[in-house]
Amino acid sequence: MKNAYGRFWFGAFYPEVIPNENEIFRRRSFHLPIPLPEGAWKNENQWTGAEKTILFVCPTIHESVACKAIYNDFKHHFGDLPHAIAGKQLSPVNDPHVTGFLDAASYSRLFLGARAMYYHSREPRHLHYHPVEAMATGMPVVYLRGGLLERYDQGSQAGACADESEARGKLIRLLNGDTLPADAMRESQKTVVAQWRPEVASAAWADWFDLFTPAADGSRPGLDRWSADMPVPTRAELRDYPFLNPRAFIPSLTLARMWRSAK
């Protein structure tokens, strides 16, 4: 790492990641946005809302402590409302609302037909694909403030909610077919979808890779300016950063072996 630092770059999908990284990565970092997968655009503006149900996504309910807590929280606040919980399950869940694996046609029917999606995450530096995919179809998405989705929503933020109580009120209106909040959410969500288009990501990546493109005389002025006076990490910095210290992996490897043995 120390010897190759002049050729090292850290690309972050979200700009919020960079200030929270170690200085070793932060001083060589830039934002490389990602688009929605190609398949998501096939359903763009195809939402119908024909099914009076809330779509929620929560995979691996029995295998993940975090997902189990998310599932329980959703059921506590919204379990009495018509809903479907999608997401891959590694073991059966005793809940008729949990769909488990669905073939492409069934998943598409649920994704395009549900009256609304609820998105729970308040994670400040991560955003799941599925709420943005839902927005691309035209489905209204009700979400909690404080997460990364709020930053992407640069419109009226009609779907944003301070807490689950406010979210419940909006979801009930959508379930009852109220077009006023639905239209407001759909209009605001266009600002989110616009930032996830392939052409936006392609342009950003092209701008950064231009740094590595030599000029006619063989020079690389953009890269040279970026690399000027670059401080190389010290041995102490490398030693203190856990992901670059092999000894930091020993407990994790030990736990992994114990888990495999238990399985």
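What counts and what doesn't
Residues numbered from 1 in each chain as written. Predicted model: local features only at pLDDT ≥ 70, side-chain atom pairs only at ≥ 80, totals over all residues. Heavy atoms only, no water. 1 Å grid on protein atoms, 1.4 Å probe; cavity = no way out; pocket = protein on both sides within 12 Å on 5 of 7 lines; lining within 4 Å. Points joined across faces, edges and corners; volume = space filled by probe spheres on them. Helix = DSSP H or I, 4+ residues; strand = E, 2+ residues; numbered from the N terminus. Nonpolar A, V, L, I, M, F, W, Y, C, P; charged D, E, K, R; others polar. Phe/Tyr/Trp six-rings, centres within 6.5 Å; stacked < 30°, edge-to-face > 60°. Lys NZ or Arg CZ within 6 Å of the ring centre and 35° of its normal. Buried < 20%, exposed > 50% of the residue type's maximum accessible area, 1.4 Å probe, protein only. Pairing = 2+ DSSP bridges. Right-handed = clockwise from strand over helix to strand, strands pointing away. Core = buried A, V, L, I, M, F, W, Y, C linked by side-chain atoms within 4.5 Å. Contact = heavy atoms within 4.5 Å. Axes fitted to C-alpha atoms, helices over the stretch in contact; angles between N-to-C directions. Salt bridge = Lys/Arg side-chain N within 4 Å of Asp/Glu carboxyl O.

Trainee: Got a minute to help me understand the layout of surface pockets in this structure?
Mentor: The probe, sized like a water molecule, is rolled over the atoms to show the empty space still left. If you add up the space inside the largest pocket, you get close to 220 Å³. For the largest pocket, the lining is made up of 16 residues, of which Asn45, Met135, Gly138, Arg186 and Lys190 are closest to its centre. Elements supplying a minimum of two residues to the lining of the largest pocket: α4 (129–137) and α7 (179–194). For the lining of the largest pocket, the element with the most residues is α7, which contributes seven residues. Considering only residue class, the lining of the largest pocket consists of five nonpolar, five polar and six charged. When its volume is computed, the second largest pocket comes out at roughly 170 Å³. As for the second largest pocket, its lining consists of Val57, Ala86, Gly87, Lys88, Thr99, Gly100, Phe101, Leu102, Tyr107 and His130. Class assignment of the residues belonging to the lining of the second largest pocket gives a composition of five nonpolar, four polar and one charged.

Trainee: Would you mind showing me how to read the packing of aromatic side chains here?
Mentor: The description of an aromatic ring pair uses the distance of the two centres, along with the angle that the planes make with each other. Per the counting criterion, the structure on display carries 15 aromatic pairs. A centroid spacing of 6.3 Å and a plane angle of 50 degrees characterise the contact between Tyr14 and Trp196, whose relative ring orientation is tilted. You can see Tyr14 sitting in the loop between β1 (10–12) and α1 (23–26) and its partner Trp196 sitting in the loop between α7 and α8 (198–209), a full 182 residues away along the chain. The cationic tip of Arg151 hangs over the ring face of Tyr152; the distance from NZ or CZ to the ring centre is 4.2 Å.

Trainee: Is there a simple way to think about the pairing of strand β3 (residues 51–57) in this case?
Mentor: Consecutive residues of a regular strand have side chains that alternate between opposite faces of the sheet. Within β3, five of the seven residues are buried, leaving the element largely enclosed by the surrounding structure. Of the strand pairs in this sheet, β3 and strand β5 (residues 114–119) are connected by three bridges, and their pairing is parallel. By the bridge assignment for β5, Glu51 is matched with Ala114. Alignment of β3 against strand β4 (residues 83–86), held across four bridges, turns out to be parallel. Paired with Phe56 across the two strands is Ile85, which belongs to β4. For the handedness criterion, the β-α-β arrangement of β3, helix α2 (residues 65–78) and β4 is classed as right-handed.

Trainee: What should I look at first to understand the nonpolar core in this one?
Mentor: Nonpolar side chains tend to gather and get buried jointly when the protein is soluble and globular. Core analysis: the largest hydrophobic core is formed by 30 residues, its most contacted members being Leu55, Met117, Leu127 and Trp196. Elements represented by at least two residues in this core include exactly β3, β4, α3 (104–113), β5, α4, β6 (141–144), α5 (148–152) and α7. The leading source of residues in this core is α4, at four residues. With 24 residues, the next largest nonpolar core counts Phe56, Ile61, Leu171 and Ala182 among its residues.

Trainee: Before we go on, may I ask you to explain the sheet that holds β4 in this structure?
Mentor: Picture the strands of a sheet paired through backbone hydrogen bonds; they go either parallel or antiparallel. Pairing is parallel in the open sheet, where five strands are placed in the order β4-β3-β5-β6-β7. Every interior strand has two partners, whereas the edge strands, β4 and β7 (160–161), have only one. Contacting β3, β5 and β6, α4 runs over the sheet at an angle of about 150 degrees to β5.

Trainee: Looking at this model, I keep getting lost on the pattern of salt bridges. Mind explaining?
Mentor: The final tally for this structure, using the stated rule, is ten salt bridges. A salt bridge links Asp80 to Arg168; the nearest nitrogen and oxygen atoms lie 2.7 Å apart. Here Arg168 lies in helix α6 (residues 164–175) and Asp80 lies in the loop between α2 and β4, a separation of 88 residues in the sequence. Look at the salt bridges and you will find they share partners, linking Glu23, Arg26 and Arg27 into a network.

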